[in-house]
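Single-letter residue listing:
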Amino acid sequence: MPSLYDPLTAGALALPHRVVMAPMTRNRAGADGVPGPLMTEYYAQRASAGLIVTEGVRISPAAAGPAGQPGLHTPEQIAGWAEVTGAVHRAGGRIVAQLSHHGRIAHPDLLPEGLRPLAPSAVTALSDARTPKGLVPTVEPRAMTAEDIATTLADFATAAAAAVEAGFDGVELQGANGYLIHQFLCDNTNLREDGYGGDPAARIRFAVEAVRTVSDAIGADRVALRISPASGYNDTVEQDPSVVYGLLADALDAGRLAYLHLVESADERLNRLVRERWAGTLLTNPFTGDDPTDPETAARRLDTGAADAVAFARYFSANPDLPERIRRGLPLTEPDEDTFHEGGATGYTDFAPHPADATVEGEQQDQYAGIGDRYSDFKDTAPLAGPEQHNVLKHLGDLNGRRVLDLACGHGHYTRLIKAAGAAEAVGVDLSPVMVELARATERERPLGITYHVGDAVALPRLGAFDLVSAVWLLNYATTKAELTAMLRGIHDNLAPGGRFVALTVRPEFEPFGPKWDAYGLRVVSETPDGDRGILVTDLIGTETSTITTSRWSHGAFAECLAAAGFEDYAWAVPEVPAESVERFGDAFWDNYRANPIPGLLVGTRPVPGADRVRTAARTLAADLAGGRWTPTALERSLAGRLLTSAPDGSFLTARAVRDVFWEGSEAFTRENDGRLAALLADAVPLLEAEPGSEPAGEEADAAARELVALLRALD
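The structure presented is a predicted model; accordingly, all values stated were derived computationally and were not measured.

A word on the packing of helix 3 (residues 146-165) against helix 6 (residues 205-218). Interaxial distance between helix 3 and helix 6 falls to 9 Å at its minimum, and their mutual angle equals 40°. What the angle tells us is that helix 3 and helix 6 run oblique. Taken as a pair, helix 3 and helix 6 cross one another with a handedness that is right-handed. Contacts between helix 3 and helix 6 involve Ile149, Thr152, Leu153, Phe156, Ala157, Ala160, Ala161 and Val164 from the first element and Phe206, Glu209, Ala210, Thr213, Val214, Ala217 and Ile218 from the second. Looking at the contact of helix 3 with helix 6 residue by residue, the class counts come to twelve nonpolar, two polar and one charged.

On to the packing of helix 7 (residues 241-251) against helix 8 (residues 268-277), then. With their axes 9 Å apart at the nearest point, helix 7 and helix 8 run at an angle of 20° to one another. By the angle between their directions, the pair helix 7 and helix 8 is classed as roughly parallel. Helix 7 and helix 8 meet at a crossing whose hand is right-handed. Within the contact between the two elements, helix 7 uses Pro241, Ser242, Tyr245, Gly246, Leu247, Ala249 and Asp250 and helix 8 uses Leu270, Leu273, Val274 and Arg277. Across the contact of helix 7 with helix 8, the residue classes break down as seven nonpolar, two polar and two charged.

What follows is about the pattern of salt bridges. All told, the structure shown has 21 salt bridges when counted by the stated rule. We note a salt bridge from Asp235 to Arg104, for which the minimum N-O separation is 3.6 Å. Taken together, the residues Asp235 in the loop between strand 11 (223-227) and helix 7 and Arg104 in the loop between strand 5 (95-100) and strand 6 (118-119) connect sequence positions 131 residues apart. When its relative accessible area of 23% is taken as the criterion, Asp235 is described as partly exposed. The buried category is assigned to Arg104, whose relative accessible area is 1%. Between Arg142 and Asp148 there is a salt bridge, with the nearest N and O atoms lying 2.8 Å from each other. Residue classification places Arg142 among the partly exposed residues on the basis of a relative accessible area of 38%. Note on Asp148: relative accessible area 14%, which makes it buried. Salt bridges here are not isolated pairs; linked through shared partners, they connect Asp187, Arg203 and Asp240.

Among the nonpolar cores identified, the biggest contains 78 residues, and Tyr43, Leu72, Leu173 and Leu248 are the most heavily contacted of them. Top element by residues in this core is helix 3. It accounts for eight residues. Once residues within four sequence positions are removed from consideration, Leu173 is found in contact with Leu99, Phe156, Ile181, Ala210, Val211, Val214, Val223, Ala224, Leu225 and Arg226.

Enumeration over the complete set of coordinates arrives at seven aromatic pairs. Measuring from centroid to centroid gives 4.2 Å for Phe184 and Phe206, while their planes differ by 10°, and the two rings are stacked. You can see Phe184 sitting in helix 4 (residues 180-185) and its partner Phe206 sitting in helix 6, a full 22 residues away along the chain. Each member of the pair, Phe184 as well as Phe206, is classed as buried. Taken together, the aromatic side chains of Tyr42, Tyr43, Trp81, Phe168 and Tyr348 make up a single cluster linked through ring pairs. In this arrangement the basic side chain of Arg205 is found over the ring face of Tyr196, its NZ or CZ atom lying 4.0 Å from the centre. Above the face of the Phe466 ring, Arg403 is positioned so that its terminal group lies 5.0 Å from the ring centre.

Note on placement: Arg94 falls in the loop between helix 2 (75-90) and strand 5. Along the backbone, Arg94 and Val20 are 74 residues apart, and their C-alpha atoms lie at a distance of 10.0 Å. Once residues within four sequence positions are removed from consideration, Arg94 is found in contact with Ala14, Leu15, Pro16, Ala47, Ala49, Gly50, Leu51, Ile52, Val88 and Asp169. Polar contacts involving the side chain of Arg94 include one to the main-chain carbonyl oxygen of Gly92, which spans 2.8 Å.

So, about the side chain of His182. Structurally, His182 can be placed in helix 4. Looking at His182, its side chain comes within polar contact range of the side chain of Glu238, at 3.2 Å. The contact partners of His182, leaving out residues within four places of it in the chain, are Gly175, Ala176, Asn177, Thr189, Ser228, Ser231, Thr236, Glu238 and Tyr245.

Moving on, we get to helix 9 (residues 295-303). Residues Pro295, Thr297, Ala298, Arg301 and Leu302 constitute the buried set of helix 9. For helix 9, the arc enclosing every buried residue in end-on projection is 165°, short of the 170-degree limit, so these residues lie on one face. Each element contacted by the buried residues of helix 9 is listed here: strand 13 (282-285), strand 14 (309-312) and helix 11 (322-328). Regarding helix 9, its N-cap is Asp294, as a side-chain oxygen of that residue lies 3.0 Å from the backbone nitrogen of Glu296 further along. Of the residues one or two after helix 9, Gly305 is the one with positive phi, at around 80°.

The rules we used
Residues numbered from 1 in each chain as written. Predicted model: local features only at pLDDT ≥ 70, side-chain atom pairs only at ≥ 80, totals over all residues. Heavy atoms only, no water. Axes fitted to C-alpha atoms, helices over the stretch in contact; angles between N-to-C directions. Helix = DSSP H or I, 4+ residues; strand = E, 2+ residues; numbered from the N terminus. Parallel < 35°, antiparallel > 145°, perpendicular 65-115°, else oblique. Left-handed = near helix turned anticlockwise from the far one by under 90°. Contact = heavy atoms within 4.5 Å. Nonpolar A, V, L, I, M, F, W, Y, C, P; charged D, E, K, R; others polar. Salt bridge = Lys/Arg side-chain N within 4 Å of Asp/Glu carboxyl O. Buried < 20%, exposed > 50% of the residue type's maximum accessible area, 1.4 Å probe, protein only. Core = buried A, V, L, I, M, F, W, Y, C linked by side-chain atoms within 4.5 Å. Phe/Tyr/Trp six-rings, centres within 6.5 Å; stacked < 30°, edge-to-face > 60°. Lys NZ or Arg CZ within 6 Å of the ring centre and 35° of its normal. Polar contact = N/O pair within 3.5 Å; in protein donor to acceptor, adjacent residues only side chain to side chain. Arc of directions from axis to C-beta.

Below, the structure written as structure tokens:
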């Protein structure tokens, strides 16, 4: 059975692990339902979740819930959520919006003037509504007409498209806890006698139609449904839940939807029934009574096959780094329930990533055992060291205003030097959570505006379109050609066309299968001259107890893997040793360094496509669109419309417009329709910024831009 830290594919969602952040009502939006900076910070802090499911988001003015609930039905709300999703994606996370309609548990004080809450039937809920005046009893709702039902279904679809436009990776429909969809499922809230009420088959109709309508709008593989059989929440009664939820599970398309989210019942038989009848990915909120879900309970759900992933709520509110705490067995901070539903930063964004206790300090000391003075020198001087003191940084070129991705960033020393050298943006990625936490701790103490991610470079996600990728030692950790190619492909996909990467490798003249060699910090431990592996060595850092096994690749192996990853332009060089570095570390250190075969540089450039390629790709897509061979998604149509607003005369796009809509838009865009439109726009950027005015230069570039505009018009 899988563990909490095995990856999971759920429809279009690729989760790096199975610790999911459950939706939690926090009520921090403005009076107009617009998410602000505080919400952006809150969700970005929790980006290490395998998946974030947001709090309930109202789909229309008529769907409003408690005061402080965010919406997703105005341009301002969409723009506010775009800030949230952008921050989460830059932090390496995934996030879906929970689309919500409160139905009868709303209140006239929360709705536009003259409106009453809508519900399947005019049955008052025995519960309170949170209004600007405080908690007040709910009122009798208005029974929905056939027109109301059709409008509400359309509102769900419109909100889903807005979620995709705002950069969400998908949506989850709130069909649990006594909200509108759940109200249609329940006996005491649905007294209808038409096709939406009566027997169980009719009571599930609204839920099924809502899921299908949203699936038609954005694709079923980005859609999920949350259910809470027999929960009793918000005054709901279900006499026959096993029949209702068995039918519902059968009626939904398990093979296409991203997942089903089950809020477990106290009746274990009902939970097992849902698991048996639902053939797709199942995310569960375990039933634990009044206690929060603990790691042991979550692990048991996976061990027994009762769930594919587990959602944590209260512990995620107080532990923004919950996945890492669980992984390392760190103590969990208890949540402050008095701050759940109102307030500012207190109890919301003021939780530390982890307690600064002896456990963490001891782990960091173990990580660096034996490194001694060399590490201390780097750690203590990293925030102060000048860019000229690093001989690799010297070869990165002019960093001023550049976007730079630093892979295998370790404790952040190189990343800080890159940012100090004038980079507009610096992002660090490392496989070690301990290293990343150390880098983040330095960033908190002496902020430079750097973002760090825990990530595996063999499966590197697309974090942006960078001008430069600094790989330093990364490529030396690939143990097979497949791994090396995967690393290089991840670098390629994170570079803007024309962007470069720089990595340390062996020197050009070094023969990896020649005589054995031994130099400062390096020794041969095995040789495998079969062409599939470079030379295997062990780095010795101070003592023989601190070792890292790595592979050094021949240039022939590099050439093969570079070509497979899409790099055509690359070269090797030997870095010089700056005088400042010699003075700092001493002649003996650098004498050994010069004798070492390792300090070679590999510099590669992502190809810049020509105008002909852009024009041909645009024509091909347009022909496929006209011939029905390519169907644009809602996200692609939405982004096409936004791009066209940047070309009011119909002639030119701008590179800035493409970057704003594409680079800073949705990571999901690169996966839409196999990324064909995304790749075309990426290829077009170098043409669009050929001149300082960011307009295409030359007849060929002009023609390519016009072809692109024509394609976007056909999409809009």
